[in-house]
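Observations on the three-dimensional arrangement
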Amino acid sequence: KGRCAASSDMLHMRGVYMPDDLRCENGRYCFMEDFAVYWAHYIAGADCRNLTVPACAAEQECTFDVELGRCRTTLTEYDYDGLPASQFISILGSEQYAAYQATRKEALSAAGREYDVLLGNRLTGYRLTPD
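Residues numbered from 1 in each chain as written. Predicted model: local features only at pLDDT ≥ 70, side-chain atom pairs only at ≥ 80, totals over all residues. Heavy atoms only, no water.

**Looking at the pairing of strand β2 (residues 70-73)**
Just so we agree on the cut-off: When DSSP finds at least two bridges between two strands, those strands are taken to pair. Comment: elements are numbered from the N terminus, with helices defined as DSSP H or I runs of at least four residues and strands as E runs of at least two.
Examined bridge by bridge, strand β1 (residues 62-65) and β2 share four bridges and lie antiparallel to one another. Among the inter-strand pairings, F64 is bridged to a residue of β2, identified as C71. What sits between the antiparallel neighbours β1 and β2 is a turn of four residues, in which G69 has the positive phi angle 75°.

**Some remarks on helix α5 (residues 95-110)**
Heads up, the condition is: A helix's residues, less one, multiplied by 1.5 Å, set its expected span. Each residue is placed in one exposure class: buried if its accessible area under a 1.4 Å probe, protein chains only, is under 20% of its type's maximum, exposed if it is over 50%, and partly exposed if it falls in between. The reported arc concerns the directions from the helix axis to the C-beta atoms and nothing else. Residues count as neighbours in contact if any of their non-hydrogen atoms are within 4.5 Å of one another.
For α5, with 16 residues, the first-to-last C-alpha span of 22 Å sits near the 22 Å given by 1.5 Å per residue. Looking at α5, one finds that the buried residues are Y97, Y100, R104, A107 and L108. Summarising the axial view, the buried residues of α5 lie within an arc of 95°, below the 170-degree limit, and thus occupy one face. Among the exposed residues of α5, those oriented more than 90 degrees off its buried face are E95, E106 and A110. Where the residues of α5 are buried, they touch α1 (8-14), α2 (31-44), α4 (85-92) and α6 (114-123). G112 sits one or two residues past α5 and shows a positive phi near 80°.

**Examining the layout of surface pockets**
Any empty space left between the atoms is revealed when a probe the size of a water molecule rolls over them. Selection rule: In this analysis a 1.4 Å probe is tested at points of a 1 Å grid over the protein atoms alone, and where it fits but cannot get out there is a cavity; an open set with protein on both sides within 12 Å along at least five of seven lines is a pocket; lining residues have an atom within 4 Å of a point. Grid points are joined across faces, edges and corners, and a volume is the space filled by probe spheres set on the points. Gly is put with the polar residues, along with every residue not named as nonpolar or charged; the nonpolar set is Ala, Val, Leu, Ile, Met, Phe, Trp, Tyr, Cys and Pro, and the charged set is Asp, Glu, Lys and Arg.
In this model, the largest pocket occupies a volume close to 400 Å³. At the level of elements, α2, α5 and α6 are the ones that each hand at least two residues to the lining of the largest pocket. No other element matches α5, which puts five residues into the lining of the largest pocket. By residue class, the composition of the lining of the largest pocket is ten nonpolar, seven polar and nine charged.

Don't take any of this as a statement about function, it's just geometry.
Structural data, given as structure tokens:
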């Protein structure tokens, strides 16, 4: 799996992966890893967010996080096994995914990891049009 241990606060509060140790560098930038984190927290795990404690306990992929004071998903980017191409492309082009990217950029920059944003923009990416 090879990634630095995630900051659980950032991951579970905002759905953004960031290394827990600011000195830890993954050394790679892959939009698919970012997409898989988004999928785990905002698509597959989205239903967990508003569940009551009893309802949360009844869901296999949800857990009540005492520190957050709410239900959250137990899914991670490693649970992502792909989507149909049309759905994947639709999500990449969605306003919701653009908002997530903005949230991610803001969170990383605020934590002093703006270089992750800059290098990610330079070293990975995708196009939604053939030109």
